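Structural overview for review
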Amino acid sequence: MDEEFQQQFAKMEMDGSVHDRSVNDLRKALDVQRANLDMISQTNPGVVEQYERRKNEIEALTKILEDREKDTRRVEREIKNARDRWQPALEQLVASIGKKFSAAFDRIGCAGEIRISPHDDYDKWAIDILVKFRDNEKLQLLTGQRQSGGERSLTTILYLMSLTEEARTPFSLVDEINQGMDQRAERAVHNSLVEVTCKPDSAQYFLITPKLLPDLDYHERMKVLCVNNGEWLPETPGLGHMNRMIENFVQLNRDRVSRDRSFRAG
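Here's what I pulled together on the structure shown here. Being a predicted model, the structure only gives us computed values, none of them experimental.

**Comments concerning empty space enclosed by the protein**
Applying the stated criterion across every chain, the model contains 1 cavity of 30 Å³ or more. A volume near 80 Å³ is recorded for the largest cavity. Lining the largest cavity are Ile-157, Ile-177, Asn-178, Glu-186, Val-189, His-190, Leu-193, Leu-207 and Leu-212. Considering each element in turn, the lining of the largest cavity owes the most residues, 4 residues, to helix α5 (residues 183–197).

**Side note on the pairing of strand β4 (residues 171–175)**
Pairing of β4 with strand β5 (residues 204–208), which is carried by 5 bridges, proceeds in the parallel orientation. Pairing of Phe-171 across the sheet is with Gln-204, part of β5. A crossover connection joins β4 to the parallel β5 through α5; in handedness this β-α-β unit is right-handed.

**Digging into the nonpolar core**
Within the largest apolar cluster, 24 residues are counted, with the highest numbers of intra-cluster contacts made by Phe-101, Phe-105, Ile-108, Ile-114, Leu-154, Ile-157 and Leu-158. Setting aside its immediate chain neighbours within four residues, Ile-108 contacts Leu-154, Leu-158, Arg-184 and Ala-188.

**Let's talk about the side chain of Ser-162**
Along the chain, Ser-162 falls in helix α4 (residues 149–164). A distance of 2.8 Å separates a polar atom in the side chain of Ser-162 from the backbone oxygen of Leu-158.

**Points about the packing of α4 against α5**
For the pair α4 and α5, the least separation of the axes is 10 Å and the interaxial angle reads 10°. In terms of axis orientation, α4 runs roughly parallel to α5. For the pair formed by α4 and α5, the contact residues are Leu-154, Ile-157, Leu-158, Met-161 and Thr-164 on the first element and Ala-185, Val-189, Ser-192, Leu-193 and Val-196 on the second.

What counts and what doesn't
- Residues numbered from 1 in each chain as written.
- Predicted model: local features only at pLDDT ≥ 70, side-chain atom pairs only at ≥ 80, totals over all residues.
- Heavy atoms only, no water.
- 1 Å grid on protein atoms, 1.4 Å probe; cavity = no way out; pocket = protein on both sides within 12 Å on 5 of 7 lines; lining within 4 Å.
- Points joined across faces, edges and corners; volume = space filled by probe spheres on them.
- Helix = DSSP H or I, 4+ residues; strand = E, 2+ residues; numbered from the N terminus.
- Pairing = 2+ DSSP bridges.
- Right-handed = clockwise from strand over helix to strand, strands pointing away.
- Core = buried A, V, L, I, M, F, W, Y, C linked by side-chain atoms within 4.5 Å.
- Buried < 20%, exposed > 50% of the residue type's maximum accessible area, 1.4 Å probe, protein only.
- Contact = heavy atoms within 4.5 Å.
- Polar contact = N/O pair within 3.5 Å; in protein donor to acceptor, adjacent residues only side chain to side chain.
- Axes fitted to C-alpha atoms, helices over the stretch in contact; angles between N-to-C directions.
- Parallel < 35°, antiparallel > 145°, perpendicular 65-115°, else oblique.

Right under this line is the structure:
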């Protein structure tokens, strides 16, 4: 017997438990255990083979998992390094645009702010635009339901103008952005648009609108094109010529001023 069984047997001799069962009892117990072993062997003849196969599969899968975890950590490091390069530049750009955006809202007596909205999924990163049009409310996210159509149009044009100085496009075009605005907002937007787009280094800017307020501010770098189109246009050649109509209007005003001066002088 090995040392462990020798110690166990010596202990049984010392406490007298070795005499509790006879030799025949021990032989019967041994036969029972052998029968149990035979039953296990007969019931699962391929258990060892199955164990070895599963063990090899686990080792292979563990190796694959470790390799993929290494790849994941490597990709995460690359993503972090790339993000550390472009995120400060993005934050600086948004801060510069936000400063102009907030200043434009201040000029019309309202408040506006833009923020970066990060997300774990880079496809879902966004720019949040927050606005406040009344003194008794807080800055609120611009949505299609919370603000009116005029307020959304006003916010859009002020945001586009804030982008103008940062953009590198040759020209920009806005179609009917002043629709739905009240006169105060429309006049403020027009004046801001003239101020931003008529600088010497500004790109070309097109504003298409079906109507304009009277007595707006204009700049020498601006050009106003009046386009007439529709079934109501006269068929007579020359009738409805815009330049001629303007010249006639200016001449009529001059004649009226001359008559008024002559009347006062008489």
